[in-house]
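Each chain, letter by letter, is given below.
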Amino acid sequence: MHRAVLLGHPVGHSLSPAMHDAAFAAAGLEARYEAWDVPPDALAAAVGRLRAGEVLGANVTVPHKTAVMAHLDQVSERARAIGAVNVIRPVGGGLHGDNSDAEGFLRSLREAGHDPGGRRVVLLGAGGAARSVAWGLIDAGVVELGIVNRSPDAAEALAAALRARAGERMRLWTAGREAWARGVRAEWWINATSVGMLRGGVDPDESPVPASAWSEVVTRHAEEGWPEAPLAVDLVYRPRDTRFLRDARAAGVATLSGLGMLLHQGAVAFEAWTGRAAPLAAMRTALEAALAGERAG
């Protein structure tokens, strides 16, 4: 039996085994998905195990997404630019690393009927998730991208890494988080921070922005006369209905959780490993069931 694996530390919380085992079953593949808890000092040995036979490939999660690149034979241009590998597959006797987060994010947007082309976007956060999202948005043709972070220096560092790719076709700016809504006219607002994520299984009921800011977003959006409602996207999917999304929705802003990105980055990985179209319906059902089980527990 073939297998795919997850390399991370810790990995007990991951929904990837449920999602990919459902995908393999739906595709009629004799394969299983294993989560390997790999401390940083064991990463090289774990990657070495991937070189054995019957391994379809691997996912990589924190804290290994950057460090794993040193142990691979090839890394895609996309993954190098993003600075992270989260998908590994055997190629020509070696191991090839890529990043599926940017593509997974874009697929989740488009599935929900949102096209990034021509949009003005505010991105909250400057870490690894923000970097992947920014890369995808630039490639998809946004015309303005503001990076807002608690540390303005971190926001500027990310912008500096993106400017060559953004070129002259779009406006790229940065700000500290306290100024996130002042004078900003943007259509989309994306939370790529960990604020609002479950802690010890408990919803912290926190948002990276004040609830009062959303009414200003709606007002400015109306002043610009944009035809579609403003959109708030949270990459957090535990809980799916974060405070960030609840506050936005209460003000009349359209919302999208991070579950779609989780699903579609997994689909990109499945396609890379198998050469087949991902069985999205089975994968989505498995994710929903796993999350429902967590809430019931």
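Above this text is the structure in question.
**Student:** In this structure, what is going on with the overall build of the protein chain? I would like to understand it.
**Tutor:** Helix and strand counts for the protein chain stand at 10 helices and 12 strands. In terms of overall dimensions, the protein chain is globule-like: its C-alpha atoms have a radius of gyration of 19 Å, near the 19 Å expected for 297 residues. If you line up the protein chain on its principal axes, its C-alpha atoms span 60 × 45 × 35 Å. With 297 residues in all, the protein chain has 51% of them scored as buried. Contacts in the protein chain between residues at least 24 apart in sequence constitute 68% of all its contacts with a sequence separation of at least 6. Split by element, the accessible area of the protein chain, about 12600 Å² in all, is 51% carbon and sulfur.

**Student:** Please explain the sheet that holds strand β3 (residues 55-60) as it appears in this structure.
**Tutor:** Think of a sheet as strands paired side by side through backbone hydrogen bonds, with each pair either parallel or antiparallel. Ordered in space as β2-β1-β3-β5-β6-β4, the 6 strands form an open sheet in which the pairing is mixed. Here the strands that pair on one side only, and so sit at the sheet edges, are β2 (31-37) and β4 (74-75). As paired strands, β4 and strand β6 (residues 94-98) are joined by 2 bridges and run parallel to one another. Residue pairing for β6: V75 is matched across the bridge by G97. The sheet contacts of helix α1 (residues 16-26) involve β1 (2-8), β2 and β3, and relative to β2 the element is tilted by about 165°. The sheet contacts of helix α2 (residues 43-50) involve β1, β2, β3, β5 (87-91) and β6, and relative to β1 the element is tilted by about 165°.

**Student:** It is not clear to me how the packing of aromatic side chains should be interpreted in this structure. Could you clarify?
**Tutor:** Working definition: an aromatic ring pair is given by the centre-to-centre distance plus the angle between the planes. Applying the stated criterion across every chain, the model contains 4 aromatic pairs. Where W189 meets W214, the ring centres are 6.5 Å apart and the plane angle is 80°; that geometry is what we call edge-to-face. One end of the pair, W189, is in strand β10 (residues 188-191); the other, W214, is in helix α7 (residues 213-224), and 25 residues separate them in sequence. W189 sits in the buried class, given a relative accessible area of 1%. Grouped by ring-pair contacts, the aromatic residues W189, W214 and F244 constitute a single cluster. The side chain of R49 reaches across the aromatic face of W36, ending 3.8 Å from its centre.

**Student:** Even after reading the chapter, I still don't get the nonpolar core, so can you show me in this structure?
**Tutor:** In a soluble, globular protein the nonpolar side chains are often hidden away together inside. F105, L109, L137, L145 and I190 are the most contacted members of the largest nonpolar core, which totals 29 residues. Contributing elements (two or more residues each) for this core: α4 (101-111), β7 (120-124), α5 (128-140), β8 (144-149), α6 (152-166), β10 and β11 (231-234). If you tally residues by element for this core, the top one is α5, at 6 residues. If we skip the residues at most four places from it in the chain, L145 touches V121, L123, A134, L137, I138, M170, R171, L172 and W173. By size, the runner-up hydrophobic cluster in this structure holds 23 residues, among which are Y33, L262, L263 and W273.

What counts, and at which threshold
- Residues numbered from 1 in each chain as written.
- Predicted model: local features only at pLDDT ≥ 70, side-chain atom pairs only at ≥ 80, totals over all residues.
- Heavy atoms only, no water.
- Helix = DSSP H or I, 4+ residues; strand = E, 2+ residues; numbered from the N terminus.
- Rg over C-alpha atoms; globule rule 2.2 N^0.38 Å.
- Buried < 20%, exposed > 50% of the residue type's maximum accessible area, 1.4 Å probe, protein only.
- Contact = heavy atoms within 4.5 Å.
- Areas by Shrake-Rupley, 256 points an atom, 1.4 Å probe, with all protein chains shown as cover.
- Pairing = 2+ DSSP bridges.
- Axes fitted to C-alpha atoms, helices over the stretch in contact; angles between N-to-C directions.
- Phe/Tyr/Trp six-rings, centres within 6.5 Å; stacked < 30°, edge-to-face > 60°.
- Lys NZ or Arg CZ within 6 Å of the ring centre and 35° of its normal.
- Core = buried A, V, L, I, M, F, W, Y, C linked by side-chain atoms within 4.5 Å.

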